[in-house]
Amino acid sequence: MDNSYLKPREEVVEKIEYFIDQNELRPNDKLPSERQLCEVLGTSRTTLRSAIKRLIIEGVLYSKRGAGTFVSPGKLVQNLQNIQSLSKSAMEANKTLTAKVLYADIMECNKELSKRMKLTLGSKIFCLQRLRLIDGVPVTIELSYIDYSLCKGIEQYDFSQDSLYKVLEEVYNVDIDHGTESLSVTFVSEQESDLLEVENGTPVFYVTGHVYTKSEKPIEYYKSIKRADLIRFSSVLKHKH
Amino acid sequence: MSNIDYQSPMYLQLREIIRTKIEDGEFPPGTAIPTEHELAKTYGINRLTVRNGISSLVNEGLLKRIQGKGVFVLGEKREHDLETLEGFSQMVRKKNANPSFQILTKSLRNAEHKYSKIFNIQPGEQIFYIKRVDYIDNEPYSLEEIYIPHHVVPQLGDIDLTIFSVYEIYDFYNIEISYSQQTLDLTQLDQSDARFLDIDSSAPLLLFTNTSYNEADTVIEYSRSYTRPDKANYKVHFKR
(Lines give C-alpha, C1' and ligand atoms only; values in the text may rest on other atoms or scores of the structure.)
Protein backbone atom coordinates (compact mmCIF):
# COMPACT_ATOMS: atom_id res chain seq x y z
CA MET A 1 0.00 0.00 0.00
CA ASP A 2 1.19 3.42 -0.97
CA ASN A 3 1.86 5.42 2.17
CA SER A 4 2.14 8.98 1.01
CA TYR A 5 -0.56 9.18 -1.58
CA LEU A 6 -1.82 12.70 -2.11
CA LYS A 7 -1.63 14.19 -5.58
CA PRO A 8 -0.06 17.65 -5.61
CA ARG A 9 -3.22 19.15 -7.02
CA GLU A 10 -5.46 17.54 -4.40
CA GLU A 11 -3.12 18.77 -1.73
CA VAL A 12 -3.41 22.33 -3.02
CA VAL A 13 -7.20 22.02 -3.38
CA GLU A 14 -7.38 21.13 0.31
CA LYS A 15 -4.96 23.89 1.22
CA ILE A 16 -7.04 26.51 -0.56
CA GLU A 17 -10.20 25.29 1.18
CA TYR A 18 -8.34 25.50 4.46
CA PHE A 19 -7.02 28.96 3.58
CA ILE A 20 -10.60 30.19 3.02
CA ASP A 21 -11.70 28.65 6.29
CA GLN A 22 -8.72 29.83 8.30
CA ASN A 23 -8.89 33.40 7.03
CA GLU A 24 -12.66 33.43 7.41
CA LEU A 25 -13.13 34.59 3.85
CA ARG A 26 -16.74 35.47 3.12
CA PRO A 27 -18.76 35.00 -0.08
CA ASN A 28 -17.46 37.26 -2.84
CA ASP A 29 -14.19 37.93 -1.01
CA LYS A 30 -11.21 37.99 -3.32
CA LEU A 31 -8.43 35.44 -3.10
CA PRO A 32 -4.84 36.75 -3.01
CA SER A 33 -3.00 36.93 -6.33
CA GLU A 34 -1.60 33.77 -7.89
CA ARG A 35 1.91 34.80 -6.98
CA GLN A 36 1.04 35.37 -3.33
CA LEU A 37 -0.96 32.15 -3.12
CA CYS A 38 1.92 30.15 -4.56
CA GLU A 39 4.13 31.52 -1.84
CA VAL A 40 1.68 30.99 1.00
CA LEU A 41 0.74 27.47 -0.09
CA GLY A 42 4.19 26.50 -1.27
CA THR A 43 3.21 25.35 -4.72
CA SER A 44 3.87 25.98 -8.38
CA ARG A 45 1.71 28.14 -10.56
CA THR A 46 0.65 25.22 -12.76
CA THR A 47 -0.55 23.20 -9.80
CA LEU A 48 -2.27 26.22 -8.30
CA ARG A 49 -4.15 26.94 -11.52
CA SER A 50 -5.25 23.35 -11.84
CA ALA A 51 -6.46 23.36 -8.22
CA ILE A 52 -8.36 26.61 -8.73
CA LYS A 53 -9.97 25.22 -11.86
CA ARG A 54 -11.18 22.20 -9.86
CA LEU A 55 -12.60 24.43 -7.12
CA ILE A 56 -14.44 26.49 -9.72
CA ILE A 57 -16.05 23.32 -11.09
CA GLU A 58 -16.93 22.28 -7.53
CA GLY A 59 -18.59 25.65 -7.04
CA VAL A 60 -16.30 26.77 -4.21
CA LEU A 61 -14.70 29.59 -6.19
CA TYR A 62 -15.57 31.70 -9.21
CA SER A 63 -13.40 33.86 -11.36
CA LYS A 64 -14.06 37.18 -13.03
CA ARG A 65 -11.94 37.98 -15.99
CA GLY A 66 -9.35 40.59 -15.18
CA ALA A 67 -10.55 40.87 -11.61
CA GLY A 68 -9.33 37.66 -10.01
CA THR A 69 -10.71 34.68 -8.17
CA PHE A 70 -13.45 34.96 -5.56
CA VAL A 71 -15.18 32.85 -2.96
CA SER A 72 -18.59 31.70 -4.19
CA PRO A 73 -21.68 32.67 -2.28
CA GLY A 74 -22.90 29.56 -0.48
CA LYS A 75 -25.64 27.59 -2.17
CA LEU A 76 -29.08 27.53 -0.67
CA VAL A 77 -29.53 24.17 1.03
CA GLN A 78 -32.89 22.60 0.49
CA ASN A 79 -33.89 19.79 2.81
CA LEU A 80 -35.52 17.02 0.81
CA GLN A 81 -37.31 15.59 3.79
CA ASN A 82 -39.78 18.33 4.47
CA ILE A 83 -42.17 20.16 2.21
CA GLN A 84 -41.73 23.69 1.01
CA SER A 85 -38.43 24.27 2.60
CA LEU A 86 -37.29 26.63 -0.17
CA SER A 87 -38.96 29.67 1.35
CA LYS A 88 -38.07 28.47 4.83
CA SER A 89 -34.44 27.79 4.01
CA ALA A 90 -34.25 31.12 2.19
CA MET A 91 -35.53 32.84 5.28
CA GLU A 92 -33.11 31.00 7.52
CA ALA A 93 -30.24 31.98 5.25
CA ASN A 94 -31.39 35.59 5.42
CA LYS A 95 -32.21 35.65 1.75
CA THR A 96 -35.32 36.98 0.10
CA LEU A 97 -37.37 34.65 -2.01
CA THR A 98 -39.64 36.26 -4.58
CA ALA A 99 -41.85 34.84 -7.29
CA LYS A 100 -42.92 35.87 -10.73
CA VAL A 101 -46.05 34.24 -12.10
CA LEU A 102 -45.42 32.98 -15.62
CA TYR A 103 -48.76 31.30 -16.06
CA ALA A 104 -51.85 30.82 -13.93
CA ASP A 105 -55.09 29.43 -15.25
CA ILE A 106 -57.66 26.71 -14.99
CA MET A 107 -57.29 23.90 -17.46
CA GLU A 108 -58.76 20.49 -18.11
CA CYS A 109 -56.99 17.27 -17.25
CA ASN A 110 -55.32 15.59 -20.19
CA LYS A 111 -54.43 11.93 -20.17
CA GLU A 112 -51.07 12.33 -18.45
CA LEU A 113 -52.45 14.58 -15.72
CA SER A 114 -55.54 12.52 -15.06
CA LYS A 115 -53.31 9.54 -14.41
CA ARG A 116 -51.04 11.47 -12.12
CA MET A 117 -53.79 13.24 -10.21
CA LYS A 118 -56.15 10.26 -10.20
CA LEU A 119 -58.87 12.41 -11.74
CA THR A 120 -61.11 11.76 -14.74
CA LEU A 121 -60.22 13.23 -18.10
CA GLY A 122 -61.42 16.80 -18.37
CA SER A 123 -61.47 17.42 -14.60
CA LYS A 124 -60.51 20.96 -13.73
CA ILE A 125 -56.96 21.66 -12.69
CA PHE A 126 -55.43 24.89 -11.49
CA CYS A 127 -52.13 25.27 -13.26
CA LEU A 128 -49.55 27.65 -11.85
CA GLN A 129 -46.12 28.27 -13.26
CA ARG A 130 -43.74 30.44 -11.30
CA LEU A 131 -40.21 31.64 -11.62
CA ARG A 132 -38.65 31.97 -8.19
CA LEU A 133 -35.79 34.27 -7.38
CA ILE A 134 -33.43 34.46 -4.45
CA ASP A 135 -32.23 37.98 -3.79
CA GLY A 136 -33.31 38.80 -7.32
CA VAL A 137 -31.43 35.94 -8.97
CA PRO A 138 -33.63 33.35 -10.74
CA VAL A 139 -33.15 29.87 -9.24
CA THR A 140 -36.08 27.72 -10.17
CA ILE A 141 -39.06 27.34 -12.47
CA GLU A 142 -41.91 25.53 -10.79
CA LEU A 143 -44.98 24.14 -12.44
CA SER A 144 -47.83 23.08 -10.16
CA TYR A 145 -51.04 21.32 -11.01
CA ILE A 146 -53.65 21.47 -8.26
CA ASP A 147 -56.95 19.64 -8.12
CA TYR A 148 -59.33 22.58 -8.69
CA SER A 149 -62.22 20.90 -6.90
CA LEU A 150 -60.28 21.54 -3.68
CA CYS A 151 -59.83 25.24 -4.27
CA LYS A 152 -62.48 26.91 -6.41
CA GLY A 153 -61.66 30.55 -7.01
CA ILE A 154 -57.94 30.14 -6.28
CA GLU A 155 -57.12 31.81 -9.58
CA GLN A 156 -58.01 35.13 -7.98
CA TYR A 157 -54.97 35.09 -5.76
CA ASP A 158 -51.76 36.73 -6.81
CA PHE A 159 -49.10 34.09 -6.35
CA SER A 160 -46.28 36.49 -6.88
CA GLN A 161 -47.27 37.67 -3.38
CA ASP A 162 -49.12 34.81 -1.73
CA SER A 163 -47.74 31.42 -0.81
CA LEU A 164 -49.56 28.63 -2.64
CA TYR A 165 -49.54 26.25 0.32
CA LYS A 166 -50.59 28.96 2.72
CA VAL A 167 -53.64 29.79 0.58
CA LEU A 168 -54.49 26.10 0.21
CA GLU A 169 -54.22 25.46 3.91
CA GLU A 170 -55.60 28.64 5.36
CA VAL A 171 -58.28 29.60 2.86
CA TYR A 172 -59.35 26.20 1.55
CA ASN A 173 -58.49 24.07 4.59
CA VAL A 174 -56.63 21.60 2.43
CA ASP A 175 -54.83 19.08 4.58
CA ILE A 176 -51.35 19.05 3.05
CA ASP A 177 -49.68 16.10 4.70
CA HIS A 178 -46.93 14.32 2.81
CA GLY A 179 -45.49 13.58 -0.58
CA THR A 180 -42.95 11.83 -2.71
CA GLU A 181 -40.36 13.45 -4.87
CA SER A 182 -38.20 12.14 -7.67
CA LEU A 183 -34.96 13.79 -8.64
CA SER A 184 -32.86 13.68 -11.79
CA VAL A 185 -30.96 15.90 -14.18
CA THR A 186 -32.13 17.66 -17.31
CA PHE A 187 -30.82 20.37 -19.64
CA VAL A 188 -32.50 23.76 -19.99
CA SER A 189 -34.21 24.68 -23.23
CA GLU A 190 -33.73 28.04 -24.85
CA GLN A 191 -36.89 29.41 -23.29
CA GLU A 192 -35.90 28.19 -19.84
CA SER A 193 -32.36 29.47 -20.22
CA ASP A 194 -33.70 33.00 -20.77
CA LEU A 195 -35.81 32.81 -17.63
CA LEU A 196 -33.11 31.29 -15.44
CA GLU A 197 -30.39 33.49 -16.96
CA VAL A 198 -28.10 30.57 -17.74
CA GLU A 199 -26.72 29.28 -21.01
CA ASN A 200 -28.89 27.15 -23.25
CA GLY A 201 -28.26 23.48 -22.46
CA THR A 202 -27.00 24.02 -18.90
CA PRO A 203 -27.59 20.92 -16.74
CA VAL A 204 -30.05 21.53 -13.91
CA PHE A 205 -31.87 19.47 -11.28
CA TYR A 206 -35.19 18.14 -12.49
CA VAL A 207 -37.60 17.45 -9.68
CA THR A 208 -41.09 16.03 -9.91
CA GLY A 209 -43.38 15.15 -7.08
CA HIS A 210 -46.81 14.44 -5.69
CA VAL A 211 -48.39 15.93 -2.62
CA TYR A 212 -51.15 14.11 -0.76
CA THR A 213 -53.60 14.57 2.06
CA LYS A 214 -53.36 12.29 5.08
CA SER A 215 -55.82 9.96 3.37
CA GLU A 216 -53.63 9.75 0.23
CA LYS A 217 -55.78 11.95 -1.96
CA PRO A 218 -53.58 13.73 -4.54
CA ILE A 219 -53.54 17.49 -4.05
CA GLU A 220 -50.74 18.53 -6.32
CA TYR A 221 -48.44 17.22 -8.99
CA TYR A 222 -45.42 19.38 -9.71
CA LYS A 223 -42.36 19.58 -11.90
CA SER A 224 -39.52 21.97 -11.39
CA ILE A 225 -36.07 22.69 -12.62
CA LYS A 226 -33.50 24.18 -10.28
CA ARG A 227 -30.17 25.81 -10.91
CA ALA A 228 -27.52 23.51 -9.48
CA ASP A 229 -25.04 26.35 -9.04
CA LEU A 230 -27.37 27.96 -6.51
CA ILE A 231 -29.15 25.06 -4.85
CA ARG A 232 -27.87 22.04 -2.96
CA PHE A 233 -30.09 19.31 -1.58
CA SER A 234 -29.65 17.67 1.75
CA SER A 235 -31.09 14.69 3.56
CA VAL A 236 -30.31 12.47 6.50
CA LEU A 237 -29.88 8.76 5.81
CA LYS A 238 -30.88 6.26 8.44
CA HIS A 239 -31.15 2.52 8.75
CA LYS A 240 -34.47 1.17 7.68
CA HIS A 241 -35.99 -0.94 10.40
CA MET B 1 -40.36 21.20 -18.05
CA SER B 2 -42.37 24.29 -18.89
CA ASN B 3 -46.06 23.94 -19.43
CA ILE B 4 -46.14 22.57 -22.97
CA ASP B 5 -48.82 23.97 -25.22
CA TYR B 6 -49.25 24.68 -28.90
CA GLN B 7 -47.08 27.77 -28.63
CA SER B 8 -44.10 25.85 -27.25
CA PRO B 9 -41.22 25.12 -29.60
CA MET B 10 -41.94 22.09 -31.78
CA TYR B 11 -39.05 20.00 -30.52
CA LEU B 12 -40.30 20.39 -26.95
CA GLN B 13 -43.79 19.37 -27.97
CA LEU B 14 -42.35 16.31 -29.70
CA ARG B 15 -40.18 15.52 -26.68
CA GLU B 16 -43.25 15.49 -24.44
CA ILE B 17 -45.23 13.36 -26.92
CA ILE B 18 -42.48 10.74 -26.88
CA ARG B 19 -42.07 10.97 -23.12
CA THR B 20 -45.79 10.37 -22.62
CA LYS B 21 -45.79 7.43 -25.02
CA ILE B 22 -42.91 5.88 -23.12
CA GLU B 23 -44.65 6.46 -19.79
CA ASP B 24 -47.90 5.04 -21.11
CA GLY B 25 -46.17 1.95 -22.42
CA GLU B 26 -47.01 2.65 -26.02
CA PHE B 27 -43.25 2.59 -26.68
CA PRO B 28 -42.11 -0.28 -24.45
CA PRO B 29 -38.50 -0.63 -23.23
CA GLY B 30 -36.24 -2.42 -25.67
CA THR B 31 -38.18 -1.44 -28.77
CA ALA B 32 -37.26 1.17 -31.34
CA ILE B 33 -39.32 4.33 -31.66
CA PRO B 34 -40.42 5.36 -35.16
CA THR B 35 -37.66 6.68 -37.38
CA GLU B 36 -36.89 10.39 -37.64
CA HIS B 37 -38.43 10.34 -41.07
CA GLU B 38 -41.66 8.76 -39.84
CA LEU B 39 -41.93 11.12 -36.87
CA ALA B 40 -41.31 14.09 -39.13
CA LYS B 41 -44.04 12.92 -41.45
CA THR B 42 -46.54 12.08 -38.71
CA TYR B 43 -46.26 15.46 -37.01
CA GLY B 44 -45.47 17.56 -40.07
CA ILE B 45 -42.23 18.92 -38.66
CA ASN B 46 -38.74 18.86 -40.09
CA ARG B 47 -36.17 16.21 -39.28
CA LEU B 48 -33.79 18.54 -37.52
CA THR B 49 -36.57 19.38 -35.07
CA VAL B 50 -37.25 15.68 -34.57
CA ARG B 51 -33.57 15.07 -33.94
CA ASN B 52 -33.47 17.84 -31.31
CA GLY B 53 -36.46 16.40 -29.51
CA ILE B 54 -34.95 12.94 -29.48
CA SER B 55 -31.51 14.16 -28.41
CA SER B 56 -32.85 15.71 -25.25
CA LEU B 57 -34.41 12.37 -24.25
CA VAL B 58 -31.19 10.54 -25.10
CA ASN B 59 -29.37 12.92 -22.75
CA GLU B 60 -31.88 12.27 -19.99
CA GLY B 61 -31.31 8.53 -20.32
CA LEU B 62 -34.79 7.62 -21.61
CA LEU B 63 -33.69 6.72 -25.14
CA LYS B 64 -30.55 5.25 -26.60
CA ARG B 65 -29.27 5.87 -30.09
CA ILE B 66 -27.63 2.88 -31.77
CA GLN B 67 -25.66 3.66 -34.88
CA GLY B 68 -27.32 2.23 -37.96
CA LYS B 69 -30.14 0.61 -35.99
CA GLY B 70 -32.32 3.38 -34.66
CA VAL B 71 -33.41 4.90 -31.38
CA PHE B 72 -34.43 2.54 -28.59
CA VAL B 73 -36.47 2.93 -25.43
CA LEU B 74 -34.51 2.17 -22.29
CA GLY B 75 -36.09 0.41 -19.34
CA GLU B 76 -37.23 2.49 -16.45
CA LYS B 77 -34.34 4.03 -14.63
CA ARG B 78 -33.40 2.40 -11.40
CA GLU B 79 -34.90 4.06 -8.40
CA HIS B 80 -32.71 4.74 -5.44
CA ASP B 81 -33.92 6.41 -2.34
CA LEU B 82 -32.30 9.28 -0.54
CA GLU B 83 -33.21 8.26 2.97
CA THR B 84 -31.96 4.73 3.63
CA LEU B 85 -28.49 4.22 5.00
CA GLU B 86 -26.86 1.28 3.27
CA GLY B 87 -23.73 0.37 1.37
CA PHE B 88 -23.54 0.43 -2.40
CA SER B 89 -23.48 -3.39 -2.70
CA GLN B 90 -26.48 -3.81 -0.46
CA MET B 91 -28.44 -1.20 -2.35
CA VAL B 92 -27.66 -2.77 -5.71
CA ARG B 93 -28.38 -6.35 -4.62
CA LYS B 94 -31.77 -5.26 -3.34
CA LYS B 95 -32.61 -4.33 -6.92
CA ASN B 96 -31.55 -7.77 -8.11
CA ALA B 97 -28.54 -6.38 -9.86
CA ASN B 98 -24.91 -7.23 -9.50
CA PRO B 99 -22.49 -4.77 -7.88
CA SER B 100 -18.74 -4.77 -8.48
CA PHE B 101 -15.80 -2.46 -7.84
CA GLN B 102 -12.55 -1.47 -9.33
CA ILE B 103 -10.17 -0.11 -6.70
CA LEU B 104 -8.11 2.71 -8.18
CA THR B 105 -6.36 3.77 -5.01
CA LYS B 106 -6.17 2.54 -1.47
CA SER B 107 -3.67 4.33 0.67
CA LEU B 108 -2.89 5.94 3.96
CA ARG B 109 -2.26 9.64 4.11
CA ASN B 110 -2.07 12.38 6.68
CA ALA B 111 -5.38 13.95 7.54
CA GLU B 112 -3.94 17.45 7.02
CA HIS B 113 -6.12 20.41 7.85
CA LYS B 114 -9.26 19.69 5.90
CA TYR B 115 -9.81 16.16 7.15
CA SER B 116 -8.49 16.78 10.63
CA LYS B 117 -11.33 19.23 10.97
CA ILE B 118 -13.93 16.87 9.50
CA PHE B 119 -12.86 13.95 11.72
CA ASN B 120 -11.83 16.06 14.69
CA ILE B 121 -8.34 14.51 14.80
CA GLN B 122 -4.79 15.89 14.54
CA PRO B 123 -3.53 16.97 11.09
CA GLY B 124 -0.70 14.47 11.46
CA GLU B 125 -2.97 11.49 12.10
CA GLN B 126 -3.43 8.97 9.34
CA ILE B 127 -6.56 8.36 7.34
CA PHE B 128 -7.39 5.79 4.69
CA TYR B 129 -8.15 7.11 1.25
CA ILE B 130 -9.99 4.82 -1.13
CA LYS B 131 -10.85 5.71 -4.67
CA ARG B 132 -12.95 3.22 -6.55
CA VAL B 133 -15.29 2.80 -9.49
CA ASP B 134 -18.67 1.25 -8.69
CA TYR B 135 -20.32 -0.87 -11.34
CA ILE B 136 -23.87 -2.13 -11.62
CA ASP B 137 -24.13 -5.16 -13.88
CA ASN B 138 -20.69 -4.30 -15.26
CA GLU B 139 -21.68 -0.79 -16.27
CA PRO B 140 -19.85 2.08 -14.57
CA TYR B 141 -22.18 3.86 -12.19
CA SER B 142 -20.13 6.08 -9.93
CA LEU B 143 -16.67 7.11 -8.90
CA GLU B 144 -16.24 7.18 -5.15
CA GLU B 145 -13.70 8.71 -2.83
CA ILE B 146 -13.88 7.43 0.73
CA TYR B 147 -11.98 8.76 3.74
CA ILE B 148 -11.81 6.80 7.01
CA PRO B 149 -9.55 7.59 9.97
CA HIS B 150 -6.99 4.83 10.48
CA HIS B 151 -7.98 4.32 14.12
CA VAL B 152 -11.58 3.50 13.15
CA VAL B 153 -10.58 0.27 11.44
CA PRO B 154 -6.81 -0.24 11.35
CA GLN B 155 -7.27 -3.67 9.73
CA LEU B 156 -8.54 -2.04 6.55
CA GLY B 157 -5.06 -1.89 5.08
CA ASP B 158 -4.84 -5.68 4.87
CA ILE B 159 -8.28 -6.30 3.43
CA ASP B 160 -8.98 -6.76 -0.26
CA LEU B 161 -11.74 -4.29 -1.06
CA THR B 162 -12.72 -6.05 -4.25
CA ILE B 163 -13.84 -8.99 -2.11
CA PHE B 164 -15.40 -7.21 0.84
CA SER B 165 -17.26 -3.94 0.72
CA VAL B 166 -16.48 -1.22 3.23
CA TYR B 167 -19.84 -1.79 4.92
CA GLU B 168 -19.15 -5.50 5.27
CA ILE B 169 -15.87 -4.63 6.95
CA TYR B 170 -17.66 -2.29 9.36
CA ASP B 171 -19.91 -5.21 10.16
CA PHE B 172 -16.95 -7.55 10.84
CA TYR B 173 -15.48 -5.13 13.33
CA ASN B 174 -18.75 -4.05 14.93
CA ILE B 175 -18.51 -0.52 13.70
CA GLU B 176 -21.96 0.89 13.60
CA ILE B 177 -22.88 3.80 11.40
CA SER B 178 -25.84 5.40 13.00
CA TYR B 179 -26.75 8.05 10.44
CA SER B 180 -25.29 9.95 7.55
CA GLN B 181 -25.71 13.53 6.45
CA GLN B 182 -25.91 13.74 2.71
CA THR B 183 -25.77 16.66 0.33
CA LEU B 184 -26.38 16.56 -3.38
CA ASP B 185 -24.78 18.82 -5.98
CA LEU B 186 -24.24 18.76 -9.73
CA THR B 187 -20.65 18.77 -10.89
CA GLN B 188 -18.22 17.47 -13.51
CA LEU B 189 -15.04 15.44 -13.47
CA ASP B 190 -11.75 16.04 -15.22
CA GLN B 191 -11.09 14.02 -18.31
CA SER B 192 -8.74 11.67 -16.44
CA ASP B 193 -11.48 10.68 -13.99
CA ALA B 194 -14.45 10.95 -16.38
CA ARG B 195 -13.05 8.14 -18.51
CA PHE B 196 -13.57 5.68 -15.63
CA LEU B 197 -17.28 6.34 -15.96
CA ASP B 198 -17.23 6.13 -19.74
CA ILE B 199 -18.39 9.70 -20.11
CA ASP B 200 -17.23 13.02 -21.43
CA SER B 201 -15.66 15.51 -19.02
CA SER B 202 -18.47 17.94 -19.86
CA ALA B 203 -21.18 15.49 -18.71
CA PRO B 204 -22.99 16.54 -15.55
CA LEU B 205 -22.66 14.21 -12.56
CA LEU B 206 -24.56 14.02 -9.33
CA LEU B 207 -22.20 14.54 -6.43
CA PHE B 208 -23.31 12.89 -3.20
CA THR B 209 -21.24 13.99 -0.24
CA ASN B 210 -21.77 11.93 2.89
CA THR B 211 -20.62 12.49 6.41
CA SER B 212 -21.35 9.38 8.44
CA TYR B 213 -21.62 9.28 12.21
CA ASN B 214 -21.69 6.61 14.89
CA GLU B 215 -24.00 6.56 17.91
CA ALA B 216 -21.69 8.93 19.77
CA ASP B 217 -21.94 11.49 16.92
CA THR B 218 -18.31 10.95 15.95
CA VAL B 219 -17.59 11.17 12.23
CA ILE B 220 -16.22 7.84 11.08
CA GLU B 221 -16.43 8.16 7.34
CA TYR B 222 -16.54 10.92 4.77
CA SER B 223 -17.21 10.18 1.14
CA ARG B 224 -17.83 11.77 -2.20
CA SER B 225 -19.59 9.87 -4.91
CA TYR B 226 -19.70 11.16 -8.48
CA THR B 227 -22.68 9.42 -9.99
CA ARG B 228 -23.97 9.19 -13.54
CA PRO B 229 -27.41 10.81 -13.60
CA ASP B 230 -28.66 8.79 -16.56
CA LYS B 231 -28.57 5.53 -14.60
CA ALA B 232 -31.05 6.22 -11.84
CA ASN B 233 -33.79 8.40 -10.42
CA TYR B 234 -33.69 9.39 -6.81
CA LYS B 235 -36.77 9.17 -4.65
CA VAL B 236 -37.52 10.74 -1.34
CA HIS B 237 -40.53 10.97 0.94
CA PHE B 238 -41.29 14.20 2.66
CA LYS B 239 -43.57 15.43 5.40
CA ARG B 240 -45.37 18.68 5.95
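Residues numbered from 1 in each chain as written. Chains lettered and ligands numbered in written order. Predicted model: local features only at pLDDT ≥ 70, side-chain atom pairs only at ≥ 80, totals over all residues. Heavy atoms only, no water.

## Remarks on the interface of chain B and chain A
Now for step 1: Across the boundary between the two partners, chain B contributes 62 residues, which contact 70 residues of chain A.
Now for step 2: In this assembly, chain B packs against chain A so that about 5800 Å² is buried in total across both faces, 51% of it on carbon and sulfur atoms.
Now for step 3: Connecting chain B to chain A are nine salt bridges.
Now for step 4: Measuring nitrogen to oxygen at the nearest pair gives 2.7 Å for the salt bridge that ties Arg109(B) to Glu14(A).
Now for step 5: Between chain B and chain A we count 25 residue pairs in polar contact (both at pLDDT 80 or more) in total.
Now for step 6: Among the elements of the structure, helix H1 (10-23), helix H3 (47-60), strand S4 (99-110), helix H5 (112-119), strand S5 (126-136), strand S7 (179-187), strand S8 (205-213) and strand S10 (232-239) of chain B are those that each provide at least two residues to the side of chain B that touches chain A.
Now for step 7: Here the element with the most residues in the side of chain B that touches chain A is S7(B); it accounts for nine residues.
Now for step 8: Across the side of chain B that touches chain A, the residue classes tally to 24 nonpolar, 19 polar and 19 charged. (Contact = heavy atoms within 4.5 Å. Buried area = accessible area lost by both parts, 1.4 Å probe. Salt bridge = Lys/Arg side-chain N within 4 Å of Asp/Glu carboxyl O. Polar contact = N/O pair within 3.5 Å; in protein donor to acceptor, adjacent residues only side chain to side chain. Helix = DSSP H or I, 4+ residues; strand = E, 2+ residues; numbered from the N terminus. Nonpolar A, V, L, I, M, F, W, Y, C, P; charged D, E, K, R; others polar.)

## Notes on the packing of aromatic side chains
Residue and element names in this part refer to chain A.
Now for step 1: As enumerated under the stated definition, the model contains 16 aromatic pairs over all chains in all.
Now for step 2: With a centroid separation of 6.0 Å and 50° between ring planes, the pair formed by Phe126 and Phe159 is classed as tilted. Within this pair, whereas Phe126 is found in strand S5 (residues 124-134), its partner Phe159 is found in the loop between strand S6 (137-147) and helix H6 (164-170), the two being separated by 33 residues in sequence. Both residues of the pair, Phe126 and Phe159, belong to the buried class. (Phe/Tyr/Trp six-rings, centres within 6.5 Å; stacked < 30°, edge-to-face > 60°. Buried < 20%, exposed > 50% of the residue type's maximum accessible area, 1.4 Å probe, protein only.)

## Description of the pattern of salt bridges
Residues and elements named next belong to chain B.
Now for step 1: This model, assessed by the stated rule, comprises 32 salt bridges over all chains.
Now for step 2: Measuring nitrogen to oxygen at the nearest pair gives 3.7 Å for the salt bridge that ties Glu36 to Arg47. A residue pair is termed long-range when its members are at least 10 positions apart, and Glu36 in helix H2 (residues 36-43) and Arg47 in helix H3 qualify at 11 residues.
Now for step 3: Residue classification places Glu36 among the buried residues on the basis of a relative accessible area of 14%.

## A look at the sheet that holds strand S10 (residues 231-238) of chain A
Now for step 1: Strand order across the open sheet formed by eight strands is S3(A)-S10(A)-S7(B)-S8(B)-S9(B)-S6(B)-S5(B)-S4(B), with mixed pairing between neighbours. A strand with exactly one partner marks an edge of an open sheet, and here the two such strands are strand S3 (76-79) of chain A together with S4 of chain B. On average, each strand axis in the sheet is tilted by 20° relative to the strand beside it, whichever way the strands run.
Now for step 2: Pairing between S7(B) and S8(B): nine bridges, direction antiparallel. Residue Thr187(B) lies in a different strand from S8(B), and its bridge partner there is Leu205(B).
Now for step 3: Running at roughly 120° to strand S9 (residues 219-227) of chain B, H5(B) makes contact with S4, S5, strand S6 (139-149) and S9 of chain B of the sheet. (Pairing = 2+ DSSP bridges. Axes fitted to C-alpha atoms, helices over the stretch in contact; angles between N-to-C directions.)

## Observations concerning a nonpolar patch on the surface
Residues and elements named next belong to chain B.
Now for step 1: A cluster of nonpolar side chains, Ile163, Phe164, Phe172 and Tyr173, forms an exposed patch at the surface whose accessible area comes to about 390 Å².
Now for step 2: Checked against the element boundaries, Phe164 lands in the loop between S6 and helix H6 (166-172).
Now for step 3: The class of Phe164 is partly exposed, set by a relative accessible area of 32%. (Patch = residues over 30% accessible without salt bridge, like charges linked within 9 Å, V, L, I, M, F, W, Y side chains within 5 Å. Areas by Shrake-Rupley, 256 points an atom, 1.4 Å probe, with all protein chains shown as cover.)

## Let's talk about the sheet that holds strand S7 (residues 178-187) of chain A
Across a sheet, paired strands are connected by hydrogen bonds in the backbone, their directions being either parallel or antiparallel.
Now for step 1: The mixed open sheet is built from eight strands, whose spatial order is S4(A)-S5(A)-S6(A)-S9(A)-S8(A)-S7(A)-S10(B)-S3(B). The open sheet terminates on both sides in strands that have one partner only, identified here as strand S4 (97-108) of chain A together with strand S3 (78-81) of chain B. Averaged over all pairs of adjacent strands, the angle between strand axes in this sheet comes to 20°, irrespective of strand direction.
Now for step 2: Looking at chain direction, strand S8 (residues 203-212) of chain A and strand S9 (residues 218-226) of chain A are connected through eight bridges and run antiparallel. Each bridged residue has a counterpart across the sheet, and for Val211(A) the counterpart in S9(A) is Glu220(A).

## As for the environment of Asp185(B)
Now for step 1: Secondary-structure assignment places Asp185(B) in strand S7.
Now for step 2: With 87 residues separating them in the primary sequence, Asp185(B) and Asn98(B) have C-alpha atoms 26 Å apart.
Now for step 3: Those residues in contact with Asp185(B), other than ones at most four positions away along the chain, are Lys75(A), Phe205(A), Arg232(A), Leu205(B), Leu206(B) and Leu207(B).
Now for step 4: Polar side-chain contacts of Asp185(B) include one of 3.0 Å to the side chain of Arg232(A).

## Comments concerning the nonpolar core
Now for step 1: In terms of nonpolar packing, the biggest core is built from 46 residues, with Ile154(A), Leu168(A), Leu183(A) and Phe205(A) touching the most fellow members.
Now for step 2: Setting aside residues no more than four positions away along its own chain, Leu168(A) makes contact with Ile146(A), Cys151(A), Ile154(A), Asn173(A), Val174(A), Ile176(A) and Ile219(A).
Now for step 3: Counting 18 residues, the second-largest nonpolar core is a separate cluster that includes Leu237(A), Phe128(B), Val153(B) and Ile159(B). (Core = buried A, V, L, I, M, F, W, Y, C linked by side-chain atoms within 4.5 Å.)

## Some details on the packing of H1(B) against H3(B)
Residues and elements named next belong to chain B.
Now for step 1: Where H1 meets H3, the closest approach of the two axes is 8 Å, and the angle between their N-to-C directions is 50°. Of the possible angle classes, the one that applies to H1 and H3 is oblique. Every pair of crossing elements has a handedness; the one defined by H1 and H3 is right-handed. Counting all contacts with H1, which are made through Met10, Tyr11, Leu14, Arg15, Ile18 and Arg19, the residues of H3 involved are Thr49, Val50, Asn52, Gly53, Ile54, Ser56, Leu57 and Glu60. (Parallel < 35°, antiparallel > 145°, perpendicular 65-115°, else oblique. Left-handed = near helix turned anticlockwise from the far one by under 90°.)

## What to know about the pairing of S5(A)
All names here are of chain A.
Now for step 1: Of all 11 residues in S5, 10 are buried, a share of seventy percent or more.
Now for step 2: Looking at chain direction, S4 and S5 are connected through 11 bridges and run antiparallel. Residue pairing across strands places Ala104 opposite Leu128, the latter belonging to S5.
Now for step 3: As paired strands, S5 and S6 are joined by 10 bridges and run antiparallel to one another. Residue Ile125 lies in a different strand from S6, and its bridge partner there is Asp147.
Now for step 4: The loop that links S5 with its antiparallel partner S6 comprises two residues; one of these, Asp135, has a positive phi angle of about 45°.

## Structural notes on the side chain of Thr43(A)
Residue and element names in this part refer to chain A.
Now for step 1: Mapped onto the elements of the fold, Thr43 is located in the loop between helix H2 (34-41) and helix H3 (45-57).
Now for step 2: Exposure remark for Thr43: the relative accessible area of 17% places this residue in the buried category.
Now for step 3: With sequence-adjacent residues up to four places away left out, Thr43 is seen in contact with Val12, Cys38 and Leu48.

Any functional reading would require information that these geometric values do not contain.
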